[in-house]
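# Results of the structural survey
Now for the letters of each chain:
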Amino acid sequence: MQPIYRRVVLKLSGEALLGEKSFGIDPQVIDRMALEIAELIKRKVEVGLVIGGGNFFRGEALSAAGIGRITGDHMGMLATVMNALAMRDALERAGFSTRIMSAIHMSGVVDYYDRRKAMHHLSEGRVVLFAAGTGNPLVTTDSAASLRAIEVEADILLKATNVDGIYSSDPEKDPTAIRYHTLSYQEALTKELGVMDLSAFCQCRDHQMKIRVFNINKKGALLQILLGKDEGTLVA
């Protein structure tokens, strides 16, 4: 089967890299994710990737501990660069060309983000890791993912979570919760389903960027989405 999307941006939380750890990166998890992404590259799908930094630092939590919120957010941005470096290593070990493009200048470590260069790398089959959020404090990596997806003209934004889609209520607390197969942007807002950060969600809505929410821990789920299977929840 041929993939139904040509170019995608995948949003991973930093916590997705924890595995069984309470802090940092589980090497087995990052290697597994690299192999899942590799399956897309083999099928000529162009892949951009945004990873959060919550496995290291969260600006909000640091603020509660007494560190200034702006400083904490900058620390969180640097954490996303650390995650991107680890993912680049895993992808390159798997044999795939990769570029990290940071919203913060880090000459000698990663490239600075440039939209046209990012699109060129994607068109050449390289995985592009978008790091350091948008380069601004008080902005989530959800917003960075929606912005990059729109900028590089992706076909869809894939939001990876630890549940297999969007439910009518918390499936861990409510056994009668129903998974939505598809939702409109307005339905998601009206039902207050918390698909992603509100500003990021509204940005996707305003630019008709489709969102697919799925369980990254389900083996093969990412490939199934690209092959057009009913995996997770589509918001469009």
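The structure reproduced in this document is the subject of the present report. Treat the numbers as computed from the prediction; the structure is a model and nothing was measured. (Residues numbered from 1 in each chain as written. Predicted model: local features only at pLDDT ≥ 70, side-chain atom pairs only at ≥ 80, totals over all residues. Heavy atoms only, no water.)

This paragraph deals with the layout of surface pockets. Its boundaries defined by the atoms lining it, the largest pocket holds a volume of some 1100 Å³. Forming the walls of the largest pocket are 46 residues, and the residues nearest its centre are Lys 11, Ser 13, Arg 58, Asp 142 and Lys 159. For the lining of the largest pocket, the element with the most residues is helix α3 (residues 69-93), which contributes six residues. Looking at the lining of the largest pocket residue by residue, the classes come out as 16 nonpolar, 19 polar and 11 charged. (1 Å grid on protein atoms, 1.4 Å probe; cavity = no way out; pocket = protein on both sides within 12 Å on 5 of 7 lines; lining within 4 Å. Points joined across faces, edges and corners; volume = space filled by probe spheres on them. Helix = DSSP H or I, 4+ residues; strand = E, 2+ residues; numbered from the N terminus. Nonpolar A, V, L, I, M, F, W, Y, C, P; charged D, E, K, R; others polar.)

Take Met 33: it is sitting in helix α1 (residues 27-42). For Met 33, a relative accessible area of 2% translates into the label buried. Between the C-alpha atoms of Met 33 and Met 87, which are 54 residues apart in sequence, the distance is 8.5 Å. Those residues in contact with Met 33 that sit more than four places away from it in its chain are Leu 12, Ala 16, Leu 17, Met 87 and Ile 216. (Buried < 20%, exposed > 50% of the residue type's maximum accessible area, 1.4 Å probe, protein only. Contact = heavy atoms within 4.5 Å.)

The topology assignment puts Arg 93 in helix α3. Exposure remark for Arg 93: the relative accessible area of 54% places this residue in the exposed category.

Attention shifts here to the packing of aromatic side chains. Considering all chains together, one arrives at three aromatic pairs under this definition. The interplanar angle of 75° and the centroid separation of 5.8 Å between the aromatic rings of Tyr 113 and Phe 130 together place this pair among those described as edge-to-face. On the criterion of sequence distance, the pair formed by Tyr 113 in the loop between β4 (111-112) and α4 (115-123) and Phe 130 in strand β5 (residues 127-131) is long-range, its members being 17 residues apart. Across the pair, Phe 130 and Tyr 113 agree in class, each one buried. Here the guanidinium or amino end of Arg 148 rests over the ring plane of Tyr 113, the centre of that ring lying 3.7 Å away. (Phe/Tyr/Trp six-rings, centres within 6.5 Å; stacked < 30°, edge-to-face > 60°. Lys NZ or Arg CZ within 6 Å of the ring centre and 35° of its normal.)

Here we take up the pattern of salt bridges. Under the counting rule described, the total for this entry stands at 15 salt bridges. Here Glu 46 makes a salt bridge to Arg 7, at a shortest N to O gap of 2.6 Å. Taken as a pair, Glu 46 in strand β2 (residues 46-51) and Arg 7 in strand β1 (residues 7-12) lie far apart in primary sequence, 39 residues in all. Assessed through its relative accessible area of 13%, Glu 46 is described here as buried. Note that Arg 179 and Asp 230 form a salt bridge whose closest N and O atoms lie 3.9 Å from each other. In this pair, Arg 179 is assigned in strand β8 (residues 179-180) and Asp 230 in the loop between α8 (221-226) and β11 (233-235), connecting sequence segments 51 residues apart. Here Asp 230 falls in the partly exposed class, since its relative accessible area comes to 46%. Where salt bridges share partners, they join Arg 6, Arg 7 and Glu 46 into one cluster. (Salt bridge = Lys/Arg side-chain N within 4 Å of Asp/Glu carboxyl O.)

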